[in-house]
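# Fold and geometry: a report
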Amino acid sequence: MPTEKDKIKEIIQRQSEQVELVKQRADEIAQTKRTLEENFGTLTRALEKITAIKSNDPTAIALQKVRQSTDSFQRIMEKHQRDLATINPLTGAVRKQRFKTPAITNQVVQSVKPKIKTDEVAKKLVDLLQNKKQEPKKRTEILADGRKKIHLYYGYGKDDNSNYQDWCWDEGIDFFGIVKHYKKTKRRYTPKNWDDLTMILRSLNFTPKEVLEYSISKIQTKERFLEHRLYRNIEARNASGLEDFIAIYKKHLKTKLPFKSFFYSKALATWCASEDIFFKSEENCRVNKDLLVKAWNKKYPNDKITDKKKK
């Protein structure tokens, strides 16, 4: 009967065969360590603060709980490599040797760096190549003297119905009308991306200098600065990590194979390496999987996962 220790060794062996340990660049480690020490004073205090970040986003909360109930994938693999280098497999004798361990894991390094999204750029290129032609939307306005004025809007919905022009059309306002509209109603517009926001600011006749000064004035306190500099990066990475996990799990559900095949899959091991998460057992993985699926269903109720558990 294999012991719990034997089971963990088996997990480590399978995952180490499938995934090469995520390498760290020395300059990235140094830069991240310097950034954390400048903002928090010491690296220990920085890591404690990052671990205790409070968020209202269900995906960030879920992944934070997962990290608390699992081990660091990188640290486990580092220990595995040390054991391979120092333990004689025949006699069990251990050779004494010191190893240099990175001060921070790759997960911390990647969290501090902004995540670059390439999917938005690709989508814009596809939309440009498709060059969709649509019939204009029409609206009739009755003027004060009784005359009718017809408004035409071409290209409605070309950016998934979420760009600023579509919103203005739906609300019946012009570009500058957003100011009065915000005072009268509680309906708010969420910019889709930086280009969208820039167009709005230009319509309000802001200069780049004014936008910069207004923004900086809002983050004068240390806590607000850290929220913008570090916490939002970490929260965004957690949300992205959950989405990647769900994508892998959805593919597994389509196979209708037992959960064990998912637990030992190369896709999950790769995800664990990138997110620096090590599931200590199949049950530990199952519990945390349920947590992530629940968070996903809460955030995306229209894309719920019906998870019929397989033993």
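Not measured: the values here are computed from a predicted model.

### With respect to the overall build of the chain
On a plain count of helices and strands, the chain comes out with 15 helices and two strands. In the chain, which comprises 311 residues, the proportion classed as buried is 33%. Pairs at least 24 apart in sequence give 64% of the contacts found in the chain among residues at least 6 apart. By element, 55% of the accessible surface of the chain is carried by carbon and sulfur atoms, the whole surface being about 21,300 Å².

### Some words on the confidence of the model for the chain
Do not read the predicted coordinates in detail wherever pLDDT is low. Looking at the chain, pLDDT values average 77 and 83% of them are 70 or higher. Here helix H7 (residues 119-130) is the element of the chain with the lowest mean pLDDT, 52, and helix H13 (residues 259-263) is the one with the highest, 90.

### Side note on the state of the cysteines
Considering all chains together, one arrives at zero disulfides under this definition. Lacking any disulfide linkage, Cys272 is separated from the closest cysteine sulfur, that of Cys285, by 6.8 Å.

### Some remarks on unusual backbone geometry
Look at Asn205: it is not a glycine, yet its phi comes out positive at around 60°. Within the secondary structure, Asn205 is located in the loop between helix H10 (194-203) and helix H11 (208-217). The phi dihedral of Asp276 is positive, around 60°, even though this residue is not glycine. Within the secondary structure layout, Asp276 lies in the loop between helix H14 (266-275) and helix H15 (282-299).

### Let's talk about the packing of helix H4 (residues 58-68) against H15
At a minimum axis distance of 9 Å, the contact between H4 and H15 shows a crossing angle of 175°. In terms of orientation, H4 lies roughly antiparallel with respect to H15. Along the contact surface, H4 presents Pro58, Thr59, Ala62, Leu63, Lys65 and Val66, while H15 presents Asn288, Leu291, Leu292, Ala295, Lys298 and Lys299. A class-by-class count of the residues in the contact of H4 with H15 yields seven nonpolar, two polar and three charged.

Conventions used here
- Residues numbered from 1 in each chain as written.
- Predicted model: local features only at pLDDT ≥ 70, side-chain atom pairs only at ≥ 80, totals over all residues.
- Heavy atoms only, no water.
- Helix = DSSP H or I, 4+ residues; strand = E, 2+ residues; numbered from the N terminus.
- Buried < 20%, exposed > 50% of the residue type's maximum accessible area, 1.4 Å probe, protein only.
- Contact = heavy atoms within 4.5 Å.
- Areas by Shrake-Rupley, 256 points an atom, 1.4 Å probe, with all protein chains shown as cover.
- pLDDT = per-residue confidence, 0-100.
- Disulfide = S-S within 2.5 Å.
- Axes fitted to C-alpha atoms, helices over the stretch in contact; angles between N-to-C directions.
- Parallel < 35°, antiparallel > 145°, perpendicular 65-115°, else oblique.
- Nonpolar A, V, L, I, M, F, W, Y, C, P; charged D, E, K, R; others polar.

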